[in-house]
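Single-letter residue listing:
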Amino acid sequence: MSTVQPVDVGRYRVGGGSPLLWICGPCVIEGRDHTLRVAEALRKTADSLGLQLVFKASFDKANRTSGKSFRGPGLAEGLKILDAVRRATGLPVTTDIHETHQAAPVAEVCEVLQVPAFLARQTDLLEACGRTGRVVNVKKGQFMAPWDMRNVVSKLAEVGNHRAILTERGTTFGYGMLVNDMRAVPWMQETGAPVIFDATHSVQTPGALGDRTGGDRRMIPFLARAAVAAGCDGVFLETHPRPDEAKSDGPNTVPLDQLPDLIRVCLRIRDAVGPPARATMPAEPPA
């Protein structure tokens, strides 16, 4: 049996043998109409496939490679758009938090607060998110070992928040390359938190295009299928109607019209392998 403690996300439940949670949406909010169109398409996919789906889009991409890159509409306008998505589709919504003062206003709209991988060790930020009482999804830093994430869970618990979700999104290897070790899924589940696999950011090649991040979206299905087979509790997939025209992370984004087929394959794999098996977190890093 898995040691993962299920976490309620709105009307959904993730972990502990619950159905997969899907976190999907464009990387960044590109405008109200575009965001609502993508959200409505995702709602229809969720309805047709019976998915637990959380809509994701960032109001600010604060860690873009270039200062000239598009960052998004900002906090105030971004939250208005996410609230419109929530009201129009009924889907729970999530977005990235970069600074402590953003946590409280974001929590008024979003069921899940997401902490980016580069900020996974920022104690003040984790505590601010934890104190909202909302679900907090923390992406494992590209520079962190899976077992280091137990400290993230502890920081949230210390401020009374036991609604942590962890996300695996690759580990830095050499220059401009991320690799995935699927052992990270069961190792992080030993913290007791459900584990999401981010199949899109895992195929990034940071800074590979000079002033922006590259990626290889062809690899997304392979990683998503492998993670589901490894027993992850959910899958994170950024999607866009025209990825090559996306204002952020287009090279590692799933075309919106291809998303349902990928999800169907993952669901068949989940049906075949069943719920996650128990793993043991090493007390010390493996030799």
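Summarised in this report is the structure supplied together with it. Note that the coordinates shown come from a computational prediction; the quantities given were computed from them, not determined experimentally.

Criteria and thresholds
- What you see as residue numbers is a count from 1 along each chain, following the sequence as written.
- It should be noted that, the model being predicted, local features are given only for residues of pLDDT at least 70 and side-chain atom pairs only at 80 or more, the latter also being counted only at that level, while totals for whole chains, interfaces and linings use all residues.
- Only hydrogens and water are set aside when side-chain values are computed; all heavy atoms of the structure are taken into account.
- Runs of E in the DSSP output that reach at least two residues are strands. Runs of H or I that reach at least four are helices, and both are numbered from the N terminus.
- Each residue's exposure class comes from its accessible area (1.4 Å probe, protein chains only) as a fraction of the maximum for that residue type: buried when under 20%, exposed when over 50%, partly exposed otherwise.
- It only takes one pair of heavy atoms within 4.5 Å for two residues to be counted as in contact.
- To be clear on the numbers: accessible area is Shrake-Rupley with a 1.4 Å probe, and residue cover counts the displayed protein chains and nothing else.
- The span expected for a helix works out to 1.5 Å for each residue beyond the first.
- Every axis in this analysis is a line fitted to C-alpha atoms, fitted for helices over the stretch in contact. Angles between the N-to-C directions lie between 0 and 180 degrees.
- Any angle that is under 35 degrees is reported as roughly parallel, and any over 145 degrees as roughly antiparallel; angles of 65 to 115 degrees are reported as roughly perpendicular and all others as oblique.
- Crossing handedness is read from the near helix: turned anticlockwise from the far helix by less than a right angle, it gives a left-handed crossing, and turned clockwise, a right-handed one.
- When residues are grouped by polarity, Ala, Val, Leu, Ile, Met, Phe, Trp, Tyr, Cys and Pro land in nonpolar, Asp, Glu, Lys and Arg in charged, and all others, Gly among them, in polar.
- Patch membership is restricted to residues that have no salt bridge and whose relative accessible area is over 30%. Joining uses 9 Å for like charges and 5 Å for the nonpolar side chains Val, Leu, Ile, Met, Phe, Trp and Tyr.
- In what follows, salt bridge is the name for a side-chain nitrogen of Lys or Arg lying within 4 Å of a carboxyl oxygen of Asp or Glu.
- Each polar contact in these results corresponds to two N or O atoms within 3.5 Å; when the atoms are within protein, one needs to be able to donate a hydrogen and the other to accept it, and residues that are neighboring in sequence are counted only if both atoms are side-chain atoms.

### What to know about the overall build of the protein chain
On a plain count of helices and strands, the protein chain comes out with 8 helices and 15 strands. Within the protein chain, buried positions represent 56% of all 287 residues. Pairs at least 24 residues apart make up 70% of the contacts formed inside the protein chain by residues separated by at least 6 positions. Just so you have it, the protein chain exposes about 12100 Å², and 50% of that area is on carbon and sulfur atoms.

### Regarding helix H2 (residues 75–89)
With 15 residues, H2 should reach 21 Å at 1.5 Å per residue; the first-to-last C-alpha distance of 21 Å fits that figure. When we look at burial in H2, the residues that qualify are Gly78, Leu79, Ile81, Leu82, Asp83, Ala84, Val85 and Thr89. On its buried side, H2 packs onto helix H1 (32–49), strand S4 (52–56), strand S5 (93–96) and helix H3 (103–107). Looking one or two places after H2, you find Gly90, whose phi comes out positive at around 80°.

### Notes on helix H8 (residues 259–273)
For H8, built from 15 residues, the straight-helix expectation of 21 Å at 1.5 Å per residue is met to within 8% by its first-to-last C-alpha distance of 21 Å. Within H8, the full set of buried residues consists of Leu259, Pro260, Leu262, Ile263, Cys266, Ile269 and Arg270. Check the buried side of H8 and you find it contacts strand S3 (21–25), H1, helix H7 (220–229), strand S14 (234–240) and strand S15 (254–255). Just downstream of H8 lies Gly274, where phi reads positive at about 80°.

### As for the packing of helix H4 (residues 123–131) against helix H5 (residues 149–158)
One can describe the packing of H4 onto H5 by two numbers: an axis separation of 8 Å at closest approach and a directional angle of 50°. Between H4 and H5, the angle falls in the class oblique. Pair H4 / H5 crosses with right-handed handedness. Between H4, through Thr123, Leu126 and Gly130, and H5, the contact on the second element is made entirely by Val152, Lys155 and Leu156. Partitioning the contact of H4 with H5 into residue classes produces 3 nonpolar, 2 polar and 1 charged.

### Considering a nonpolar patch on the surface
Where nonpolar side chains cluster on the molecular surface, the patch consists of Phe173, Met177 and Val179 and spans about 290 Å² of accessible area. With respect to the helices and strands, the residue Met177 is situated in the loop between strand S9 (171–172) and strand S10 (178–179). Residue classification places Met177 among the partly exposed positions, given a relative accessible area of 41%.

### Let's talk about the pattern of salt bridges
Evaluation of the coordinates by the stated rule reveals 14 salt bridges. Between Glu238 and Lys56 there is a salt bridge, and its shortest N-O distance comes to 2.8 Å. Highlighted residues: Glu238 in strand S14 and Lys56 in strand S4, separated in sequence by 182 residues. When sorted by exposure, Glu238 lands in the same class as Lys56, which is buried. Between Asp181 and Arg183 there is a salt bridge; the shortest N-O distance is 2.8 Å. Judged by relative accessible area, which is 49%, Arg183 ranks as partly exposed. Among the ionic contacts, a cluster of salt bridges with common partners joins Glu40, Arg43 and Asp47.

### Considering the side chain of Thr95
Mapped onto the elements, Thr95 comes out in strand S5. Classification of Thr95 as buried rests on a relative accessible area of 0%. Within the structure, the side chain of Thr95 is placed 3.5 Å from the backbone nitrogen of Phe59, a separation counted as a polar contact. Not counting chain neighbours up to four residues away, the residues in contact with Thr95 comprise Ala57, Ser58, Phe59, Leu82, Val106, Cys110, Val112, Leu113 and Gln114.

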